[in-house]
Amino acid sequence: MSNKMWGGRFGGGPDAIMEDINASIEFDRKLAPQDIVASKAHVAMLASQGIVTPQAAASISTGLSDIAGEIAAGSFTFSRALEDIHMNIESRLASLAGADAGRLHTARSRNDQVAVDFRLWVRDTADALQLQMHALQLALATRAREHAKTIMPGFTHLQTAQPVTFGHHLLAYVEMLGRDRGRLRDARARMNECPLGAAALAGTSFPIDRHQTARALGFDRPTANSLDSVSDRDFALEVLGAAAICAMHLSRLAEELVLWVTPQFGFVALSDKFTTGSSIMPQKRNPDAAELVRGKTGRIYGALTGLLVVMKGLPLTYSKDMQEDKEGTFDALEALSLCLAAMTGMILDLAVDTKRMKRAAGAGFSTATDLADWLVCHLNLPFREAHHVTGRLVALAEARHCGLEDLSLDEMRRVHAAITPEIYGVLGVRRSVESRTSYGGTAPKNVAAAARRWLARLAKEAKTFHPQEPTA
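One structure accompanies this document, and this report is about it. Computed from a prediction, not measured in an experiment: that's the story for all the values here.

This part covers a nonpolar patch on the surface. There is a patch of nonpolar side chains on the surface, built from Leu201, Leu227 and Leu316 and spanning about 270 Å² of accessible area. Relative to the elements of secondary structure, Leu227 occurs in helix H9 (residues 226-231). Residue Leu227 is classed as partly exposed on the basis of its relative accessible area of 33%.

What follows is the structure, encoded as structure tokens:
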């Protein structure tokens, strides 16, 4: 049997293998809400332009609302033989609205139909991801304010470098997520043009009003070139790119959590909410949520790379290859949403061992840079000479298996005769962090102020962030 939606040219049905490779309903059914709202906008425009009668438009719109209700209730029957969500909805509409249903597809093609549906889904999802990033920033900034004075080791090369505060460390991720949200905002602004009305590729001879449908669907304007309208998937690539960078940030934080909960670090603990046990080792508490955030990052990268590869060799305009745009995008953005939710939960759940953090901050000669700075400021040594003197003092402390603050004044003066007792004032980790008062530095007063600024900013953004909703 030929497909009644496009069967005039075809006398027979597809081979079973052709049906297998061609059908997309298993995944593009996610576009049902967007397909229905776009179809309502389209038919309302057709009626206002006199292309269909108001009675036909009302019948179609009512039928579409009924279908939306069936899908929400789980009673809608999706048919693989009808290929995709567009044909499934149109087929059901025919049974509800009769012959009028056939007028819905006037002045449009599945090419611009899927372009607008997919763009609406990506836009909706980008808005939801921004809200989740905001929630994670709020959790991080709240904990940062709580731990503005909590001292921990800062690392380079995963080696103890200089003391910092835990609040300062958390605020670094707030900054990263701020950039992630900015990338999504930028991508949203560029994608907010409506391809509906471009039809198959060349536009249409019907007197449609593309500005009306763009407004009804919450777009800033219609797309300007019909060829680009149906062939563009930059909007998905941009959001996937932003998602990949955000996932990388989450993965870095997840890796730190995995390290910090080990007995070797012992900086933080996660409750039963975000850990699992071992089937054989009863003592284990595994940070599986963090590990899965780290692992899902690869899936998000894969979706970005996959879509880039799909698009790289396609001539204008639409090719069936582009059906491969959706499944990876759906999977990647849903994975990122899950990772953001899990990370927000873990940050709020963390129990911090402040004493252990502070002990670790003093290990590994973490105040060596403070000592070198003191030599520059108080003895007027060139920094390179101060660095050399400090290195000798570190070597001496290593040989004695003690900290820099445990060296006697005589021992220090044997390395440099001008050293005075005041040097001991800079060798404690608390004085070290308190001295880092430069803008963006780790001094507790800086951290507390930065946390307050972020919390105020996030509170303001929560009141003003209202994504434009389609009105159809």
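Here the narrative resumes, following the displayed structure.
Size it by volume and the largest pocket reaches roughly 470 Å³. In terms of lining residues, the largest pocket is bounded by 20 residues, among which Gly154, Phe155, Val164, His169 and Glu256 are the most central. When contributions to the lining of the largest pocket are tallied by element, the ones reaching two or more residues are strand S1 (151-156), strand S2 (159-165), helix H7 (166-191) and helix H10 (234-260). Class assignment for the residues of the lining of the largest pocket results in ten nonpolar, six polar and four charged.

Now for the packing of helix H14 (residues 368-379) against helix H15 (residues 383-400). Orientation of H14 relative to H15, taken along the N-to-C sense of each, is 135 degrees, at an axis distance of 8 Å. The orientation of H14 with respect to H15, classified from their angle, is oblique. Judged by the sense of rotation from one axis to the other, the crossing of H14 with H15 is right-handed. Counting all contacts with H14, which are made through Ala368, Leu371, Ala372, Asp373, Leu375 and Val376, the residues of H15 involved are Phe383, Ala386, Val389, Thr390, Leu393 and Val394. When grouped by side-chain class, the residues that make up the contact of H14 with H15 number ten nonpolar, one polar and one charged.

Moving on, we get to the packing of aromatic side chains. A complete count under the given rule lists seven aromatic pairs for this structure. An angle of 80 degrees between the planes, with centres 5.3 Å apart, marks the rings of Phe265 and Phe267 as edge-to-face. Through a chain of ring-to-ring contacts, three or more aromatic side chains come together here, namely Phe118, Trp121, Phe235 and Phe330. A cation sits over an aromatic face here: Arg29 above Phe78, 4.2 Å from the ring centre. Residue placement shows Arg123 over the ring face of Phe219; its charged tip is 4.6 Å from the ring centre.

Right, let's get into unusual backbone geometry. A cis amide bond links Leu316 with the next residue in sequence, Thr317, at an omega value of 10 degrees. Checked against the element boundaries, Thr317 lands in the loop between helix H11 (288-311) and helix H12 (325-349). Of note in this structure, Leu158 is not a glycine but carries a positive phi near 60 degrees. Its location among the elements puts Leu158 in the loop between S1 and S2.

By the secondary structure assignment, Thr204 is in the loop between strand S3 (193-194) and helix H8 (210-216). On the basis of relative accessibility, which here comes to 29%, the residue Thr204 falls in the partly exposed class. Apart from residues lying up to four places away in sequence, Thr204 is in contact with Ala107 and Gly197. In this structure the side chain of Thr204 is engaged in a polar contact, spanning 3.2 Å, whose partner is the backbone nitrogen of Phe206.

Before going further, it helps to examine the side chain of Asp180. Assignment of secondary structure puts Asp180 in helix H7. Given a relative accessible area of 0%, Asp180 falls into the buried group. Reaching out from Asp180, the side chain makes a polar contact with the side chain of Arg183 at a distance of 3.0 Å. Not counting residues up to four positions away in its chain, the partners in contact with Asp180 are Met133, Ile245, Cys246 and His249.

The next thing to look at is the state of the cysteines. All told, the structure shown has zero disulfides when counted by the stated rule. Free of any disulfide, Cys246 has its nearest neighbouring cysteine sulfur in Cys339, separated by 8.8 Å.

All right, on to the pattern of salt bridges then. Considering all chains together, one arrives at 22 salt bridges under this definition. The residue Asp272 makes a salt bridge to Arg285 at a minimum N-O spacing of 2.5 Å. Here the residue Asp272 occupies a position in the loop between strand S5 (268-269) and H11, and Arg285 occupies one in the loop between S5 and H11, the gap between them amounting to 13 residues. With a relative accessible area of 58%, Asp272 lands in the exposed category. With relative accessibility at 46%, the residue Arg285 sits in the partly exposed group. For the salt bridge of Asp370 with Arg436, the shortest nitrogen-to-oxygen distance reads 2.7 Å. Of this pair, Asp370 sits in helix H14 while Arg436 sits in the loop between helix H17 (429-435) and helix H18 (444-464), and the two are 66 residues apart along the sequence. Among the residues examined, Asp370 registers a relative accessible area of 6% and is labelled buried. Taken together, the shared-partner salt bridges connect Glu83, Asp84 and Arg110 into one network.

In a pair of packed helices, the angle between the axes and the distance between the axes together describe the arrangement. Between H7 and H10, whose axes approach to 8 Å, the crossing angle comes to 170 degrees. As summarised for this structure, H7 and H10 are arranged roughly antiparallel, according to the angle between their axes. You can see that H7 and H10 cross each other, and the crossing is left-handed. Between H7 and H10, the residues in contact are Phe166, His169, Tyr173, Met176, Leu177, Arg179, Asp180, Arg183, Leu184, Ala187, Arg190 and Met191 and Phe235, Glu238, Val239, Ala242, Ile245, Cys246, His249, Arg252, Leu253, Glu256 and Trp260, respectively. The residue makeup of the contact of H7 with H10, split by class, is 14 nonpolar, two polar and seven charged.

Reading the values: the criteria
Residues numbered from 1 in each chain as written. Predicted model: local features only at pLDDT ≥ 70, side-chain atom pairs only at ≥ 80, totals over all residues. Heavy atoms only, no water. Patch = residues over 30% accessible without salt bridge, like charges linked within 9 Å, V, L, I, M, F, W, Y side chains within 5 Å. Areas by Shrake-Rupley, 256 points an atom, 1.4 Å probe, with all protein chains shown as cover. Salt bridge = Lys/Arg side-chain N within 4 Å of Asp/Glu carboxyl O. Helix = DSSP H or I, 4+ residues; strand = E, 2+ residues; numbered from the N terminus. Buried < 20%, exposed > 50% of the residue type's maximum accessible area, 1.4 Å probe, protein only. 1 Å grid on protein atoms, 1.4 Å probe; cavity = no way out; pocket = protein on both sides within 12 Å on 5 of 7 lines; lining within 4 Å. Points joined across faces, edges and corners; volume = space filled by probe spheres on them. Nonpolar A, V, L, I, M, F, W, Y, C, P; charged D, E, K, R; others polar. Axes fitted to C-alpha atoms, helices over the stretch in contact; angles between N-to-C directions. Parallel < 35°, antiparallel > 145°, perpendicular 65-115°, else oblique. Left-handed = near helix turned anticlockwise from the far one by under 90°. Contact = heavy atoms within 4.5 Å. Phe/Tyr/Trp six-rings, centres within 6.5 Å; stacked < 30°, edge-to-face > 60°. Lys NZ or Arg CZ within 6 Å of the ring centre and 35° of its normal. Polar contact = N/O pair within 3.5 Å; in protein donor to acceptor, adjacent residues only side chain to side chain. Disulfide = S-S within 2.5 Å.

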